[in-house]
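Given next are the chains, with one letter for each unit.
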Amino acid sequence: MQEKVAPSELTRELQFVSELQRSSVAEGVQRELDAAWTDCLAGATELVPVRPVIRASWLRSRAAGIVAEEFHYEFVESQELARRLQRQRELLDIAAPVMAELLRYNPDGHLNLADAEGVTLAACGLDLTPLGSRLLESVQGTNCTGLALREQRLVFVLAGENFKRGLRERRMHCASAPVRDTQGRLLGALTLTAAVGNFHCHTLGTVQAAADAISRQLALTALLDEQQRVLEVLNEGVILLDDDRCIRSLNGYARRLLQLDDPQRGRPFASLITQDTDLDLWLDRRWERQDRDLTLLLPDGSGLPCLASAAPIAQGGWVLSLRENRRIREITRQLLGTRARYSFNDIQGRSPALQNALRVAQAASHSEATVLVLGESGVGKELFAQAIHNASVRRHGPFVAVNCGAIPRDLVQSELFGHVEGAFTGAARGGAAGKFELADGGTLFLDEIGDMPLEAQASLLRVLQEGEVTRIGAKKAQAVDVRVIAATHRDLAQAVTGGSFRGDVFYRLNVLPLQVPPLRERREDIPLLVATLLKALSRHLERPPPAIADEALTLLLAHSWPGNVRELENVIERAVNLAQGPLIQPGDLPPSLVANTLSTDTEGERLTPLETGQRDLIRATLQQTRGNLRQTATRLGISRAGLYVKLRRYALNPADFRPGR
Ligand SMILES: Nc1ncnc2c1ncn2[C@@H]1O[C@H](COP(=O)(O)OP(=O)(O)OP(=O)(O)O)[C@@H](O)[C@H]1O
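Computed from a prediction, not measured in an experiment: that's the story for all the values here.

1. Notes on the sheet that holds strand S4 (residues 172-180)
Piece 1. The antiparallel open sheet is built from five strands, whose spatial order is S2-S1-S5-S4-S3. Either end of the sheet is taken by a strand with one partner, and the two such strands are strand S2 (120-125) and strand S3 (155-157). Geometrically, the sheet is characterised by an average inter-axis angle of 20° between neighbouring strands, direction not taken into account.
Piece 2. By the bridge criterion, five bridges tie strand S1 (residues 110-115) to S2 in an arrangement that is antiparallel. Counted as the bridge partner of His 110 is Gly 125 from S2.

Structure representation (structure tokens):
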């Protein structure tokens, strides 16, 4: 504790007090003090034999008009006292045993504890300073408590050094030391009053040590309190176990997890978990930290799966931290970004083929049935899956996508269903949740389901049928609430026949089949898709969207699009980057596309008489409009997109009809 008294002064004071032990000295001192006091009251200022600290206090007391001859205590009002007692409850609780102990060694003495404003908050021993009495020097003149508060250091005041006659005539000496808070701020003063014969130099040390003990205990309590608060606000359950694996304490989060109100002190931890955790294996002091999946037993008999981490404490016992799997999954989802971005509004196209797919998808979003999205690569199968999820009741849950074709065969099962620690070589410490668990409460999109190995299909069937997953190596299954949307570009029925896909899984998945049409079957959507892509790309590049020249659009319409919308996206992105001016020209398109297009016409195909008539009409109109597509479409009463489709069908190139050809 901060001690303001200079070492030399302290030595002097101790020497002085120790000499007082000799009664001849004490009597002499008393006589001198009485004489000096009388002089002081008569107006003298010299007061030579008086210690400087006392002399200064007497002069202040005299100047403040304090009447030395009158003695009675002044009190704060009872309500005010109650407020102060309340405010200093902690200090009082800590000080009470210290004061009681001190009194045991000074049975004929008196102890009082005053707050920083000199109000007595606690007292024991002789009936001297009453509760609520005001002891500041400005109220009571020179007195030990008032002086300690003013000097903020250990002081002693002999009987004859008090200012008021009533205190002087008690013939008792006092020592007082300040009590401080953790920041070193003055909280009050602890004062010991002892009969003259019992007061010696050790009294000073004892009072100082007691005041320091109170201050230290206050700091410790504050620290403990702070740690307790941290533990209580912690976002995970913390349980302290003793060496016998019984509970020493639980923080608030752990109590909430376990649905328990009281601290459960002494309860065996084993009674709070299901029996499938081998505690001997887990709580092993050789390991610094061990993670385990375990299931907490709740009062209603149900189980709460958690990830628990155990670290041994050097002094004995363990500290366990617990997080429920549900929360870990939430955190993982936040990290992985398992949100579906797209909705039905993002699916562009007005073609009957696409509108038809949209109708089926919208119906699927109102149901909970498993959906099987069929379509070539890049047609937008995941887009549809996301849109279904976002329009379904699960929209606030996770959307987890897994490409079954992209995971190494050996790992598919563990990726999807998770595993427990030690399930196989290379298994994660503490085990790992699978995608089904991650998608709990939401949708799991199983892309390229046709590539799923047969063994994994068997486990998938169980999840689809039972709504439960069993991690690899686990003894027990866990319930999961997941809607599955699977997708494939393969012909699954044929795969079933060929034996590479299980028939039972196929029928389970194929509840709601959704065929997403390839781009070549909905060419009329191309202009709209191109416009949307141009807008999105230019927004990204922060420049106005370029237009597309008719010739270039014709080429796009005529292409067979094996890569579907994804291919179209790439072609447009390339063109936007290559385009010199505000117009995308055929030269900005990939050369392969230009070459292919002109050959993918109706060559070799026989046209019906009706089609021949239509082709001739279009050709004639193109001639009249000199290859102007807008005018041609208007004259023919069809949309531009419709015209493009027909141009491709009949291998007509508008450029051939333009002047200069
Ligand atoms: N109708 C559409 N409107 C707008 N964008 C689309 C449309 N269809 C597909 N896309 C876009 O095309 C790209 C490919 O779509 P997606 O990844 O959903 O296809 P996929 O069929 O799942 O492909 P794969 O079979 O290769 O996984 C995406 O960027 C998607 O946004």
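That covers the picture; the talk isn't over yet.
2. Things to note about helix H9 (residues 201-233)
Piece 1. The end-to-end C-alpha distance of H9, which contains 33 residues, comes to 49 Å, matching closely the 48 Å that a straight helix rising 1.5 Å per residue would cover.
Piece 2. For H9, the complete set of buried residues consists of Thr 203, Leu 204, Val 207, Gln 208, Ala 210, Ala 211, Asp 212, Ile 214, Ser 215 and Leu 218.

3. Description of the domain arrangement of the protein chain
Piece 1. Domain boundaries in the protein chain define domain 1 (7-225), domain 2 (235-327), domain 3 (337-517), domain 4 (520-599) and domain 5 (609-657).
Piece 2. Inter-centroid distance (C-alpha atoms) of domain 1 to domain 5 is 112 Å.

4. Some thoughts on the site of the ligand
Piece 1. Inspection of the region around the ligand gives 18 residues, with Gln 348, Lys 381, Glu 382, Arg 566 and Glu 569 positioned closest.
Piece 2. Interatomic distance of 2.8 Å between a backbone N/O atom of Gln 348 and a nitrogen atom of the ligand.
Piece 3. Notes on the ligand: free accessible area 630 Å², of which the protein chains cover 86%.
Piece 4. For the shell around the ligand, the elements supplying multiple residues, two or more each, are helix H14 (381-391) and helix H22 (564-578).
Piece 5. Taken together, the residues of the shell around the ligand sort by class into five nonpolar, four polar and nine charged.
Piece 6. Among the domains, domain 3 (337-517) and domain 4 (520-599) are the pair contributing at least three residues each to the shell around the ligand.

5. So, the confidence of the model for the protein chain
Piece 1. When pLDDT is averaged across the protein chain, the result is 88; 95% of the residues are at 70 or more.
Piece 2. Between the elements of the protein chain, mean pLDDT differs from a low of 61, seen in helix H23 (residues 591-599), to a high of 98, seen in helix H7 (residues 144-151).
Piece 3. Note that residues 598-604 has pLDDT below 50 and, in this model, eight contacts with residues that lie over four places away or in other chains.

6. Here's the deal with the packing of aromatic side chains
Piece 1. The full count for this structure, using the stated rule, is seven aromatic pairs.
Piece 2. With a centroid separation of 6.1 Å and 20° between ring planes, the pair formed by Phe 399 and Phe 445 is classed as stacked. Of this pair, Phe 399 sits in strand S12 (residues 399-403) while Phe 445 sits in strand S13 (residues 443-447); the two residues are 46 residues apart in sequence, bridging distant segments of the chain. There is no split in this pair, since Phe 399 and Phe 445 are both buried.
Piece 3. Feature note: the residues Phe 71, Tyr 73 and Phe 75 constitute an aromatic cluster, connected by ring pairs.
Piece 4. In this structure, Arg 51 packs its charged tip against the face of Phe 156, placed 3.8 Å from the ring centre.

Parameters and conventions
Residues numbered from 1 in each chain as written. Predicted model: local features only at pLDDT ≥ 70, side-chain atom pairs only at ≥ 80, totals over all residues. Heavy atoms only, no water. Pairing = 2+ DSSP bridges. Helix = DSSP H or I, 4+ residues; strand = E, 2+ residues; numbered from the N terminus. Axes fitted to C-alpha atoms, helices over the stretch in contact; angles between N-to-C directions. Expected span 1.5 Å × (residues − 1). Buried < 20%, exposed > 50% of the residue type's maximum accessible area, 1.4 Å probe, protein only. Domains from an automatic or database assignment. Near = heavy atom within 4 Å. Polar contact = N/O pair within 3.5 Å; in protein donor to acceptor, adjacent residues only side chain to side chain. Areas by Shrake-Rupley, 256 points an atom, 1.4 Å probe, with all protein chains shown as cover. Nonpolar A, V, L, I, M, F, W, Y, C, P; charged D, E, K, R; others polar. pLDDT = per-residue confidence, 0-100. Contact = heavy atoms within 4.5 Å. Phe/Tyr/Trp six-rings, centres within 6.5 Å; stacked < 30°, edge-to-face > 60°. Lys NZ or Arg CZ within 6 Å of the ring centre and 35° of its normal.

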